[in-house]
Amino acid sequence: MRFSSLSFFYSLIPLSLYAAELPPLTSLNEEMSYTEQLATQTNQNIDYQPFILSVWEQKDLIPFGVHTLKDALMLLPGIDMMANTNNNRTPVIRGSNPLAYGQTKLAIDGVVVNDRSADTYTGYLDFPIELIQRIEIVRGAGSFIEGVNGYSGSINVITYAKDENKLQNGALFGSFGSDSARQAGFWYTHRASKWRLSSDFFYQSNDALSPIKVTDKYHKVGYAPLNSEQVGFGLSYFYDDFYLKGRFNHFTTGSAFGNLSALPNREGEQTFPSWYVEGGYTHKVSNALTINAKAGIMEDGWEEDSRLLPPGTIYNTIPFPNGFWADLSFETRMLYATISADYTGIKNHKITAGYTQKYEDIIDMSTVTTNKSGGSTLVDYTVTAPFIDAGSACRHTDEFYLNDTIDINSQIALSLNLGGTKASNLDVEPYARAALVYQPYRQHIVKFMVGNSFRLPSFRELYSQNNPQQIGNPNLEAEHVISYETQYLYKPTVDTTIGVNLFYLRNKDQITPNTTNKMYQNIGERNIKGVETEFRGSIGENDLTFLSYSYIRGETIKGNETTDYLPYASTHLLKGGLSYALTPQIKAAILGRYSSEKERRPNDSRKNSMESFASYDLILGWEDPSGFYIQGALKNANNAIYRYIAPPSTYPDDYPIEGRTFWIRTGWKF
């Protein structure tokens, strides 16, 4: 616990430096409602919410050199990043099933953008920070987003489409850097007395390769293609109580380490197309009752066009003289509608109830590969041997939820959440959550939380077929978690928070591929316990400082692979940064991160553990009063190699993803 002691000691240093008084104490229900209404506030009221909730504003993220949504998430306690052999990335919170997807939900302006393929959102992790006004992250079961039930966490991104400060404002931005990286974009909002129109657009690309050479399963040595190209466009329109919003996102990336654990061709690529349109209406029936309705359509998919095996490969005794090529694609569609109501007619209660219907389906699919019997010709297997069972891959879902926040007195509030989901291929999955928030004094807040949650299996886990690396199982059950959490927060000033939270998680029915036949099964259980400490505020007059430490430990119960530790999870995570205003226009910052070694599964014959990682970034920026700014960052200045876990029987070593890079950004806010 040496790192925890240092972190906690450092967090206590500034306590004697604060003299600013906090506003008068009101009911906790009022504080919680106030948080939801004021999206432009900083962390003034987030601490009263009945979750382990962190909120970062763009103005606080940019001084630390945050360039994308992924960069922002990596500042949070207990969050790590993992990816599969295709570099399909996902945040991992508190070590929960690191090789799975769908553990967390991502919403942009309230619209959940997880795809139907693997229940992930890798195509949105490079979303530019210039478009983001505010990020709200819940660590643990539940969600700050109404009607969303996160399994291990949820992320709500609020763009500048919701900014209410000016009649018209916007920004132009761009950047360039290592690996021929370039970016350009804008956002703009225009407001009138009854309506508001917002739009944004960005383009970015890079030619990145793995920072070092790798050796694949077939002993070929080379660089893995990690290049990417992305185009995004968003539009939203609000008129009185009606809104219409949509977003288009097209993300293409290199084939990375290959679908079959072989280095692909440099030109190989995979694409994650996504778009949605949602409309909604709010009607205030009375001072106590408000009705909300919304409906939308979302389409997303996955495409791959690359060489999966090198020329001359003999696979299962079958020769492929020109290698094995694959052109795979499928497209899904989701239709959904929600109706909900907010009621405050009962004294000291705020009640919210809602019902959602969803219909998800694969609407197009194609499987074209090299002849599986050998040779070099391409064969269309869309009908005879598709890579996913498109005929079975559909799901109708009914979801309901009921929430009540009760002011027991001016110091104690109770939050109760009930809900459930009935999917057409699964039994009813209920969930419940209770949280008690106690504030004996304005500066002190204590929370106690208990709840359960679940994650429905994705289409890939259910319906993948004719793939030696992953076989779907239509009989899968949902993953389940029971969580126990407590948190203590100390707020010496409005803008400073020091917190400690303890958690214990019981995960069961975890979905992982069977090591024998690669079929997905509910065979994993994880009991996870840990502590997170966090400080955010100012030590002096011209700085912004944050520091966090996470300790995560537990056990995995999986037949003969049972362990008294968590495979592929760091026990210690330490993150911190200091931004200092050298002048009113110039800010310099340093950012550091450390993660301890990650132990492997018992059946992994490679070296005992994945090495620890430590890096630091250097940032310098200038912004004048007119809104023009320029900033440069040297990322991972010590050139440590950051890696993602490579599962057993794939690559001899783990996937190297990041080394030292730099970029320079500039723009104009108006």
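Predicted model, so just to flag it, every value in this text is computed and none were measured.

Rules used throughout
- Residues numbered from 1 in each chain as written.
- Predicted model: local features only at pLDDT ≥ 70, side-chain atom pairs only at ≥ 80, totals over all residues.
- Heavy atoms only, no water.
- Helix = DSSP H or I, 4+ residues; strand = E, 2+ residues; numbered from the N terminus.
- Rg over C-alpha atoms; globule rule 2.2 N^0.38 Å.
- Buried < 20%, exposed > 50% of the residue type's maximum accessible area, 1.4 Å probe, protein only.
- Contact = heavy atoms within 4.5 Å.
- Core = buried A, V, L, I, M, F, W, Y, C linked by side-chain atoms within 4.5 Å.
- Salt bridge = Lys/Arg side-chain N within 4 Å of Asp/Glu carboxyl O.
- pLDDT = per-residue confidence, 0-100.
- Polar contact = N/O pair within 3.5 Å; in protein donor to acceptor, adjacent residues only side chain to side chain.
- Phe/Tyr/Trp six-rings, centres within 6.5 Å; stacked < 30°, edge-to-face > 60°.
- Lys NZ or Arg CZ within 6 Å of the ring centre and 35° of its normal.
- Pairing = 2+ DSSP bridges.

1. Focus: the overall build of the protein
For the protein, the helix and strand inventory stands at five helices and 38 strands. Its C-alpha atoms give the protein a radius of gyration of 25 Å, within 12% of the compact-globule value 26 Å for 670 residues. For the protein, the C-alpha atoms occupy an extent of roughly 75 × 55 × 55 Å along the three principal directions. The buried share of the protein, taken over its 670 residues, is 58%. By sequence separation, contacts in the protein at least 24 residues apart represent 64% of the contacts at least 6 residues apart.

2. A few points about unusual backbone geometry
Glycine aside, negative phi is the norm for most residues, and most peptide bonds take the trans geometry. The phi dihedral of Asn-87 is positive, around 65°, even though this residue is not glycine. Checked against the element boundaries, Asn-87 lands in the loop between strand E2 (79–83) and strand E3 (89–93). Asn-87 sits in the buried class, given a relative accessible area of 12%. The phi torsion at Asn-97 lies on the positive side, around 45°, for a residue other than glycine. In this structure, Asn-97 sits in the loop between E3 and strand E4 (104–108). Note on Asn-97: relative accessible area 6%, which makes it buried.

3. Some thoughts on the nonpolar core
Counting 62 residues, the largest nonpolar core has Leu-61, Leu-69, Leu-75, Leu-106, Ile-135, Ile-155 and Phe-257 as the members making the most contacts within it. Dropping the residues within four chain positions of it, Ile-155 is found in contact with Leu-73, Lys-105, Leu-106, Ala-107, Tyr-121, Ile-135, Glu-136, Ile-137 and Ile-145. With 24 residues, the next largest nonpolar core counts Phe-272, Phe-330, Phe-387 and Ile-388 among its residues.

4. Topic: the pattern of salt bridges
Inspection of every chain in the model, using the stated rule, returns 28 salt bridges. Note that Asp-60 and Lys-59 form a salt bridge whose closest N and O atoms lie 3.6 Å from each other. Residue classification places Asp-60 among the buried positions, given a relative accessible area of 16%. A salt bridge links Glu-360 to Arg-395; its shortest N-O distance comes to 3.5 Å. On the criterion of sequence distance, the pair formed by Glu-360 in strand E20 (residues 349–370) and Arg-395 in strand E22 (residues 394–407) is long-range, its members being 35 residues apart. Look at the salt bridges and you will find they share partners, linking Arg-94, Arg-139, Glu-485, Glu-532 and Glu-534 into a network.

5. Some details on the confidence of the model for the protein
As a note on interpretation, predicted positions should not be read in detail where pLDDT is low. Across the protein, the average pLDDT comes to 90, with 92% of residues at or above 70. In the model of the protein, helix H1 (residues 2–12) stands out as the element of lowest mean pLDDT, 36, in contrast to strand E35 (residues 628–635), which has the highest, 98. This stretch, residues 1–21, has a pLDDT under 50; its non-local contacts, to residues over four places away or in other chains, come to 33 contacts.

6. What about the environment of Ser-609?
With respect to the helices, strands and loops of the structure, Ser-609 is situated in strand E33 (residues 609–610). By relative accessible area, Ser-609 is classed as buried at 14%. Separated by 464 residues in sequence, Ser-609 and Ile-145 have C-alpha atoms that sit 37 Å apart. Beyond its immediate sequence surroundings of up to four residues, Ser-609 is in contact with Glu-597, Lys-598, Glu-599 and Arg-600. At 3.3 Å, the side chain of Ser-609 forms a polar contact with the side chain of Glu-597.

7. Quick word on the packing of aromatic side chains
For any pair of aromatic rings, the description consists of the separation of the ring centres together with the inter-plane angle of the planes. Summed over the entire model, instances satisfying the criterion amount to 21 aromatic pairs. A centroid spacing of 6.0 Å and a plane angle of 70° characterise the contact between Phe-459 and Tyr-463, whose relative ring orientation is edge-to-face. Of the two residues, Phe-459 and Tyr-463 are both situated in helix H5 (residues 459–463); the distance of four residues between them amounts to about one turn of the helix. Pairing Trp-668 with Phe-670 gives two aromatic rings, centres 4.9 Å apart and planes at 35°, and the pair type is tilted. Owing to a relative accessible area of 40%, Trp-668 belongs among the partly exposed residues under this scheme. In this structure Phe-670 comes out as partly exposed when scored by relative accessible area, which is 34%. Taken together, Trp-56, Phe-64 and Phe-546 form an aromatic cluster joined through their ring pairs. The lysine or arginine in question, Lys-245, covers the ring of Tyr-243, its NZ or CZ lying 4.9 Å from the ring centre. Above the plane of the ring of Trp-56 lies Arg-536, whose end atom (NZ or CZ) is 4.0 Å from the centre.

8. Let's talk about the pairing of strand E28 (residues 520–537)
Burial of E28 is extensive: 13 of the 18 residues sit out of reach of the surface. In the sheet, strand E27 (residues 496–513) pairs with E28 via 15 bridges, with the strands oriented antiparallel. Residue pairing across strands places Phe-503 opposite Gly-530, the latter belonging to E28. Counting the residues that bridge the hairpin from E27 to E28 gives six residues, and of these Lys-518 lies at a positive phi of roughly 65°. Connecting E28 to the antiparallel partner strand E29 (residues 543–557) that follows it, the hairpin turn spans five residues.

9. Details of the side chain of Ser-210
Its place among the elements puts Ser-210 in the loop between strand E10 (195–206) and strand E11 (214–215). Not counting residues up to four positions away in its chain, the partners in contact with Ser-210 are Tyr-223, Ala-224, Leu-226 and Pro-656.

10. Some thoughts on the sheet that holds strand E6 (residues 132–139)
The mixed open sheet is built from five strands, whose spatial order is E1-E6-E7-E4-E5. Of all strands in the sheet, those with a lone pairing partner are strand E1 (53–57) and strand E5 (111–112), marking the two edges. Pairing between E4 and strand E7 (residues 153–159): five bridges, direction parallel. Within the sheet, the bridge partner assigned to Leu-106 lies in E7 and is Ile-155.

11. Focus: the environment of Leu-289
Following the sequence through the fold, Leu-289 ends up in strand E16 (residues 289–309). Under the relative-accessibility criterion, Leu-289 is labelled partly exposed at 24%. Between the alpha carbons of Leu-289 and Tyr-565 there is a distance of 50 Å; along the sequence they are 276 residues apart. Not counting the four nearest positions on each side in its chain, Leu-289 is found in contact with His-283, Lys-284, Ala-341, Asp-342 and Tyr-343.

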